[in-house]
Amino acid sequence: QVQLVESGGGLVQAGGSLKLSCAASGRTVSMYAMGWFRQAPGKEREFVAAITGSGSDTNYADSVKGRFTISRDNAENTVYLQMNSLKPEDTAVYYCAADQRLYAASYYRHFSMGYWGKGTLVTVSS
């Protein structure tokens, strides 16, 4: 089993930045695809970004492209989401996820992952 713990959420003004971290334990996830998803109040969970095990392939939702960057440190078993130019509509609970299937990052735009964290709240004020 893989356990995922997110951190780094909080309250930020529009235009600001936050960096989320997700620490994995239980197994080495260097071969796993990792991703970030979010769920805003009253809305369904949506894909934000994904990265393959090597880090060579990434994919982003259109709504965050150019503002968010996903990265990973396999030595630390950690994945990050750098969020810049935040907007009020980015307000959501952000979930880290992992998947051991060897799909391209774009696959997860439409399909779920196998392991999930409990989420961290990001609130962007206007």
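Scope of this entry: the structure provided in the associated data block. Values in this document were obtained by computation on a predicted structure and should not be read as measured data.

Let's talk about the overall build of the protein chain
Of regular secondary structure, the protein chain possesses zero helices and 11 strands. When its helices and strands are written in sequence order, the protein chain yields β-β-β-β-β-β-β-β-β-β-β. Here the C-alpha radius of gyration of the protein chain, 13 Å, is about what a compact globule of 126 residues would show, namely 14 Å. Residue pairs at least 24 apart in sequence account for 60% of intrachain contacts in the protein chain once pairs closer than 6 positions are excluded.

Thoughts on the packing of aromatic side chains
The geometry of two aromatic rings is summed up by the distance between their centres and the angle between their planes. One pass over the full model with this rule turns up six aromatic pairs. On the basis of an interplanar angle of 75 degrees and a centroid distance of 5.7 Å, the ring pair of phenylalanine 37 and phenylalanine 47 is categorised as edge-to-face. One end of the pair, phenylalanine 37, is in strand β4 (residues 33-39); the other, phenylalanine 47, is in strand β5 (residues 46-51), with 10 residues separating them in the sequence. The pair formed by phenylalanine 37 and phenylalanine 47 is uniform in burial state, with each residue classed as buried. Between tyrosine 107 and tyrosine 108 the ring centres are 5.1 Å apart and the planes differ by 85 degrees, which places this aromatic pair in the edge-to-face class. What makes tyrosine 107 partly exposed here is its relative accessible area of 22%. Aromatic rings pair up to connect Tyr103, Tyr107, Tyr108 and Phe111 into one cluster.

Conventions adopted
- Residues numbered from 1 in each chain as written.
- Predicted model: local features only at pLDDT ≥ 70, side-chain atom pairs only at ≥ 80, totals over all residues.
- Heavy atoms only, no water.
- Helix = DSSP H or I, 4+ residues; strand = E, 2+ residues; numbered from the N terminus.
- Rg over C-alpha atoms; globule rule 2.2 N^0.38 Å.
- Contact = heavy atoms within 4.5 Å.
- Phe/Tyr/Trp six-rings, centres within 6.5 Å; stacked < 30°, edge-to-face > 60°.
- Buried < 20%, exposed > 50% of the residue type's maximum accessible area, 1.4 Å probe, protein only.

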